[in-house]
Amino acid sequence: MAPSSTTPVLPTKTGVLIVGAGPAGLALATSLRQLGVDHVLIDRNDEVQPGSKAAAIQPRTLEYLDRIGVADRLIQAGARGRGFRLHDRRQTLLRASYDNLDTPYPYVLLVSQQSTETCLLARLEELGGAVHRGHVFLGSTPDFPGVAATIAGPDGVLRAITARYLVGCDGIHSTVRTAAGIGFPGTAPEQLFAIADVRLDANADAVPKEDTTFYLSSAGMLLVSPLAGGQHRIVGPAPGPAAPTGEDVERLLSERGPRAERIRVMEVLTASTYRVQERVAERFSAGPVFLVGDAAHTHSPAGGQGMNTGIQDAGNLAWKLYAVLTGLAPAALLDTYHGERHPIAAELVAFTSQFAKLANLRDPATGELRNRVLAAAAAVPGVTDWITVKLAQLDLGYTQEPDLGTPRVGHRVWPTTVPPVGLRWTLALPGDDSTTLPDEQGILAVRHVPTLATPLLIRPDGYLAARGVSIAPAEVLDRLSSYLPSSPTR
Ligand SMILES: Cc1cc2nc3c(=O)[nH]c(=O)nc-3n(C[C@H](O)[C@H](O)[C@H](O)COP(=O)(O)OP(=O)(O)OC[C@H]3O[C@@H](n4cnc5c(N)ncnc54)[C@H](O)[C@@H]3O)c2cc1C
């Protein structure tokens, strides 16, 4: 798939200006395009950047990507991982298997970030959208009720664009966040990590083939993950600031990896070092400005969660922008973006931070104790299931109330029970009529589900909006504003 470098003429006015065409910005633009929302997407880069970076897509993200027509092509481009394990070099301590998850996608999709962005871009272009490449967002000033942004074009000429809403999908060093005066508190631990995508020799058979494995030994942590195309990703402490060589990777494998014959690195495909930052923006919105993806939160990539969270941020914001811009909902609906997504990011950063600390214990005796506790925990019924659902992000929702078997308002509705209909609201009715009836305005679809006891109304991002609603679609549409989440929702 060749990356596109379409550079259409920049308009002077738009409904939504999206800065940054990484995975978060592309997911948002594709969603808005599918909903028919006027927007402009800009990126400073001339094309999709090479490299695998975020190489794991979680089931919850695939469920959203299915709604915007991207999941199938991504699945074709990737490989299916079966889960995660913790290993002490001799044996598996704990295994989180995705095999039995209740989702149409019971696996971790192993695919490079470049392929993810290329697939999102292909879908955006298929829908008639585009990226304004080579355009740099410099800053913005209030222009009631929206903003006036200054953008440097590929020719170096400064242009102004007014937008009702401005969304910063511009990554960890977000200029949009800085321009909006939103703080990005957190920490940047000293540890420098090495990351390399490599081809290993036949001794790599000692490494689990279908699971991402965290080796937790007295020498320290090492992550080994299979990738598409028979490659492996290796992540461990960097020996120095330079990108790791094949010899560095072999040393990490022999000191921290499986106890096996020496595993040789046949080819280094990409290698770099990175310093983890653990930060969450103080607010995910300020007036007409929103932050999505790494611009809003960043943390250790261990566990493959970051990009996934960004794509789901985009899914949360897209339908709300549509509802407000079309007059279906009051502007206050947009406040629920921060209310719903900020706690999820804050919890994720705390979780990955704790895991990283646990994985990097330096004292051998404490490490041994950790491993014994992990092995004991794995034997307790429900523990590995809890971890698996968490890593797959299937536990995410917008309510603190427990799931007692039937979905509660704010919980994810299983797509295996009520299959999604794009980015429409879904009215799921008890019964076995197999027809799906989209309404004329394209807002609400009706589905019959034999196992349902009561009618459900499902949001365009797959969460339950209301239960026990009217079975008449026109009545539900009339009362839609009463089913919208209020702020805060958790
Ligand atoms: C080495 C490495 C490994 C990783 N591994 C994983 C993993 O396994 N799993 C996982 O989930 N995550 C992983 N991540 C994190 C993942 O790459 C990020 O979470 C993801 O890229 C964030 O997507 P985003 O769209 O929010 O931002 P980005 O991908 O950073 O995209 C931001 C875009 O904004 C553009 N931009 C920035 N400023 C401007 C401006 N002023 N004007 C115009 N355009 C601008 C940039 O050109 C860029 O295209 C990894 C990251 C690294 C570095």
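Positions within a chain are numbered from 1, following the residues in the order the chain's sequence is written. Where totals are concerned, whole chains, interfaces and linings use all residues; where local detail is concerned, this predicted model gives features only for residues with pLDDT of at least 70, and gives and counts side-chain atom pairs only at 80 or more. With hydrogens and water set aside, each side-chain value is computed from the structure's full complement of heavy atoms.

### As for empty space enclosed by the protein
Then, number 1: Using a 1 Å grid laid over the protein atoms alone, points where a 1.4 Å probe fits but cannot get out form a cavity; open sets with protein on both sides within 12 Å along at least 5 of 7 lines form a pocket; any residue with an atom within 4 Å of a point counts as lining. Grid points are joined across faces, edges and corners, and a volume is the space filled by probe spheres set on the points. Enumeration over the complete set of coordinates arrives at one cavity of 30 Å³ or more.
Then, number 2: By volume, the largest cavity amounts to about 70 Å³.
Then, number 3: If you trace the largest cavity, you find it lined by Arg60, Tyr64, Gln312, Gly315, Asn316, Arg341, Tyr398, Asp461 and Tyr463.
Then, number 4: A run of DSSP states H or I qualifies as a helix once it reaches four residues; a run of E qualifies as a strand once it reaches two. Both are numbered from the N-terminal end. Put simply, the parts of the chain that give the lining of the largest cavity at least two residues each are helix H2 (59-67) and helix H7 (306-325).
Then, number 5: Here the lining of the largest cavity gets three residues from one element, more than from any other, and that element is H7.
Then, number 6: The residue makeup of the lining of the largest cavity, split by class, is three nonpolar, three polar and three charged. Charged residues are taken to be Asp, Glu, Lys and Arg, nonpolar residues to be Ala, Val, Leu, Ile, Met, Phe, Trp, Tyr, Cys and Pro, and polar residues to be all remaining types, Gly included.

### Focus: the nonpolar core
Then, number 1: Residues Leu17, Leu65, Val167, Trp425 and Leu457 are the most contacted members of the largest nonpolar core, which totals 90 residues.
Then, number 2: Of all the elements, H7 adds the most residues to this core, at ten residues.
Then, number 3: In contact with Leu65, not counting residues within four places along its chain, are Ile57, Val70, Ala71, Leu74, Leu120 and Ile311.
Then, number 4: Throughout, nonpolar core names a set of buried Ala, Val, Leu, Ile, Met, Phe, Trp, Tyr and Cys residues whose side chains join them through atoms within 4.5 Å. To sort residues, take the accessible area from a 1.4 Å probe on protein chains only and compare it with the maximum for the residue type: under 20% means buried, over 50% means exposed, and anything in between is partly exposed. By size, the runner-up hydrophobic cluster in this structure holds 24 residues, among which are Leu101, Val276, Ala302 and Leu391. The criterion used for residue contact is that any of the two residues' heavy atoms lie within 4.5 Å.

### Some details on the confidence of the model for the protein
Then, number 1: Summary statistics for the protein give a mean pLDDT of 92 and a share of 95% for residues scoring 70 or more.
Then, number 2: pLDDT runs from 0 to 100 and stands for how confident the predictor is about each residue. Low pLDDT, under 50, characterises residues 1-5; the stretch is placed with eleven contacts to residues that sit more than four places away or in other chains.

### Regarding the domain arrangement of the protein
Then, number 1: An automatic or database domain assignment provides the domain bounds reported here. Entries for the protein in the domain assignment read domain 1 (1-55 + 112-188 + 276-360), domain 2 (192-275) and domain 3 (406-490).
Then, number 2: Just the C-alpha atoms count here: the centres of domain 2 and domain 3 sit 46 Å apart.

### Considerations on the pairing of strand S24 (residues 444-449)
Then, number 1: The buried fraction of S24 is high, at five of six residues.
Then, number 2: Note: strand S22 (residues 425-430) against S24, six bridges, orientation parallel. Each bridged residue has a counterpart across the sheet, and for Trp425 the counterpart in S24 is Leu444. Criterion used throughout: strands pair if DSSP finds at least two bridges between them.

### Regarding the sheet that holds strand S3 (residues 56-57)
Then, number 1: Strand order in the open sheet made by the three strands is S3-S7-S4, with antiparallel pairing throughout. The sheet is open, and its two borders are formed by S3 and strand S4 (79-81), each paired with just one other strand.
Then, number 2: Pairing of S3 with strand S7 (residues 108-110), which is carried by two bridges, proceeds in the antiparallel orientation. Among the inter-strand pairings, Ile57 is bridged to a residue of S7, identified as Leu109.

### Regarding the packing of aromatic side chains
Then, number 1: What counts as a ring pair is set by centres within 6.5 Å for rings of Phe, Tyr and Trp (its six-membered ring), and what kind of pair is set by the plane angle: stacked under 30 degrees, edge-to-face over 60, tilted for all other angles. If you walk through the whole model with that rule in mind, you get ten aromatic pairs.
Then, number 2: Ring geometry for Phe84 versus Tyr98: centroids 6.1 Å apart, planes at 40 degrees, classification tilted. Linking Phe84 in strand S5 (residues 83-87) with Tyr98 in the loop between strand S6 (92-97) and S7, this pair joins segments that are 14 residues apart in sequence. In terms of burial, Phe84 and Tyr98 fall into one category: buried.
Then, number 3: Look at Trp319 and Trp425: their rings are 5.4 Å apart centre to centre, the planes differ by 85 degrees, and that puts the pair in the edge-to-face class. On the criterion of sequence distance, the pair formed by Trp319 in helix H7 and Trp425 in strand S22 is long-range, its members being 106 residues apart. Neither residue differs from the other here; Trp319 and Trp425 are each classed as buried.
Then, number 4: What links up through ring pairs into an aromatic cluster is the set Phe84, Tyr98, Phe214 and Phe355.

### Notes on the environment of Asn316
Then, number 1: Along the chain, the position of Asn316 falls in helix H7.
Then, number 2: Accessibility expressed as a relative area gives 0% for Asn316, which makes it buried.
Then, number 3: A sequence separation of 18 residues divides Asn316 from Leu334, and the C-alpha atoms of the two residues are 9.8 Å apart.
Then, number 4: When near neighbours in sequence (up to four residues on either side) are disregarded, Asn316 contacts Tyr337, Glu340, Arg341, Tyr398, Arg459 and Asp461.
Then, number 5: N or O atoms closer than or at 3.5 Å make up a polar contact, with two conditions inside protein: a donor-capable atom paired with an acceptor-capable one, and, for residues adjacent in sequence, both atoms drawn from side chains. A polar contact is formed between the side chain of Asn316 and the side chain of Lys320, at a distance of 2.7 Å.

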